[in-house]
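# Geometric and topological summary
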Amino acid sequence: MNITVTVNGETYERDVDPRRLLIHFIRDDLDLTGSHVGCDTGNCGACTILYNGDAVKSCMLLAVQADGAKIETVESLSANGELDGLQQAFSDHHALQCGYCTPGMLMSAKHLLDHNASPTEGEIRKGIQGNICRCTGYVNIVEAIKAASK
Amino acid sequence: MLLAAVEYARPTSLADALAALGRSENARALAGGQTLINVMKARAAQPDLLVDLADVAELRGISESSGSLEIGAMTTYSQLMDSSDVFGTRPVLSRVAGEIADVQVRNRGTIGGNVCLSDPTNHFPPLMVSMNASFTIVGPSGERTVNAGEFFQGVYITAVEPGELLTKITIPPAQGDGFAAVTIGKDGTCIVNAAATRNGETRFAIGCVGAVPVTSLDDIDPPSDVHGSAEYRRHLAKILVDRAIAEAGG
Ligand SMILES: Cc1cc2nc3c(=O)[nH]c(=O)nc-3n(C[C@H](O)[C@H](O)[C@H](O)COP(=O)(O)OP(=O)(O)OC[C@H]3O[C@@H](n4cnc5c(N)ncnc54)[C@H](O)[C@@H]3O)c2cc1C
Ligand code: FES
Ligand code: FES
């Protein structure tokens, strides 16, 4: 099937098999390997992207469903090799160790801050509930998001 | 994961969606995909055609009139949380939607998919039973309405037959509702849940203790698993029914 998808502001036209998951389309067809596959069952959030502005797990959608959609992945955050404010806050607050969860965590945090510029700690924790981190214990991630908020 | 080969259609009207479903006995509706995609990954179901309901306008929208709510099957949990018609009339629906899994699942998962799945641990089935909701089902032979007591027929089995679609859920007015659950972690899968609705008398329904929501505490025969023994679930059921009824003001 032919699909047209806008990813990080660039429009791609591709022929995809309907059985192809969106995460594989993004990683393997578009070579945007920032988004990760952790569990492949909708539980870990490593594959989180923004889909028409909504945070979604891209292992739980088919690429063909995204025909006509506007997608943002973690690659959309930095520009000209400079980290954006949220990424810089993650770095400053040691909000990552192995980094596997980070692309998804950043996109959930971005979704949260897009909808709520000054979240409380409870709202931050609820905002990243769908993203599992095995390393940090979350404390520094919450600190980083707090620092990036207004 | 590579799924088994499947065809895909995205109709833009209810009539076209029904026609597409009629093309194959093994066709399946795709709503939020928050269960169906996993089921296909596990090869527990292998539809040959997915009929994506995303663009079917007739399945969307929420309306309220004299306290009665009509909710389109494709309404997501996030939309239930944000709809002033919903939290203004039946706040428990918005709250329970906000207790399902996480932001990403709530942005995709739909109330129609939640009830059509008829998973005994899902949040909405007991609430639909206590609220005495009615379900509008459309198929090749026309439209019919089924009430919640008859809608849920077994584990993964509802009154929706192959080739049919749930289009909307209608919730009659009431004086108060309650919902209580003990879950595996915050906003996790329910070990037992219970809902209550007061409308003169108070009705309640319990989830996770039988194939479909149960409306009596007598002779319940809950399953035992790593999350709780049958005895523990029986104990929780009594407590959660009390909490739900108290919240409903009954
Ligand atoms: C990590 C995770 C945790 C979850 N935790 C919970 C939880 O704690 N509680 C809970 O309640 N749910 C939970 N869910 C499941 C989630 O709520 C699903 O959204 C829901 O079970 C199915 O809704 P859906 O819109 O995603 O439907 P889909 O997965 O697209 O469809 C489910 C089934 O319903 C059928 N169907 C869908 N819509 C219609 C229609 N209009 N007419 C006819 N048939 C239809 C489909 O053909 C399919 O068989 C969880 C999901 C995930 C990924
Ligand atoms: S890989 Fe998608 S949620 Fe884990
Ligand atoms: S930093 Fe390792 S999983 Fe989060």
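Residues numbered from 1 in each chain as written. Chains lettered and ligands numbered in written order. Predicted model: local features only at pLDDT ≥ 70, side-chain atom pairs only at ≥ 80, totals over all residues. Heavy atoms only, no water.

## Regarding the pattern of salt bridges
All names here are of chain A. This model, assessed by the stated rule, comprises 20 salt bridges over all chains. With a shortest N-O distance of 3.3 Å, Asp17 and Arg19 are connected by a salt bridge. Accessibility expressed as a relative area gives 38% for Asp17, which makes it partly exposed. Overall, Arg19 belongs to the partly exposed group, its relative accessible area being 22%. (Salt bridge = Lys/Arg side-chain N within 4 Å of Asp/Glu carboxyl O. Buried < 20%, exposed > 50% of the residue type's maximum accessible area, 1.4 Å probe, protein only.)

## Observations regarding the sheet that holds strand S1 (residues 7–9) of chain B
Residue and element names in this part refer to chain B. Taken in spatial order, the three strands of this open sheet run S1-S3-S2, and their pairing is parallel. The sheet terminates laterally at S1 and strand S2 (27–30), the two strands that pair on one side only. With direction set aside, neighbouring strand axes in the sheet form an average angle of 25 degrees. (Pairing = 2+ DSSP bridges. Helix = DSSP H or I, 4+ residues; strand = E, 2+ residues; numbered from the N terminus. Axes fitted to C-alpha atoms, helices over the stretch in contact; angles between N-to-C directions.)

## With respect to the pairing of S2 of chain B
Where S2 of chain B and strand S3 (residues 49–52) of chain B come together, four bridges link them in parallel fashion. Residue pairing for S3 of chain B: Ala29 of chain B is matched across the bridge by Val51 of chain B.

## A word on the site of ligand 1
Around ligand 1 lies a shell of 31 residues, among which Arg28, Ala29, Leu36, Tyr77 and Thr110 of chain B are the nearest. Flanking ligand 1 are residues from chains A and B. Contact distances for ligand 1 include 2.8 Å between an oxygen atom and a backbone N or O atom of Ala31 of chain B. In this structure, an oxygen atom belonging to ligand 1 sits 3.0 Å away from a side-chain N or O atom of Asn122 of chain B. For ligand 1, whose accessible area on its own is 980 Å², the fraction buried by protein is 91%. Of all the elements in the fold, those that place two or more residues in the shell around ligand 1 are S2, helix H7 (111–117) and strand S10 (165–171) of chain B. Broken down by element, the residue count for the shell around ligand 1 peaks at four residues, all from H7 of chain B. (Near = heavy atom within 4 Å. Polar contact = N/O pair within 3.5 Å; in protein donor to acceptor, adjacent residues only side chain to side chain. Areas by Shrake-Rupley, 256 points an atom, 1.4 Å probe, with all protein chains shown as cover.)

## Re the domain arrangement of chain B
Residue and element names in this part refer to chain B. With domains assigned, chain B is organised as domain 1 (7–52) and domain 2 (60–248). Computed from C-alpha coordinates alone, the two centres of domain 1 and domain 2 are separated by 23 Å. One can count zero residue pairs in polar contact (both at pLDDT 80 or more) joining domain 1 with domain 2. Split into classes, the residues belonging to the side of domain 1 that touches domain 2 amount to six nonpolar, three polar and no charged. (Domains from an automatic or database assignment. Nonpolar A, V, L, I, M, F, W, Y, C, P; charged D, E, K, R; others polar.)

## So, helix H5 (residues 139–148) of chain A
All names here are of chain A. Of all the positions in H5, only Ile141, Val142, Ala144 and Ile145 are classed as buried. Mapping the buried residues of H5 onto a view down its axis gives an arc of 160 degrees, with all of them on the same face. The inward-facing, buried residues of H5 abut helix H2 (85–92), helix H3 (102–115) and helix H4 (121–127). (Arc of directions from axis to C-beta. Contact = heavy atoms within 4.5 Å.)

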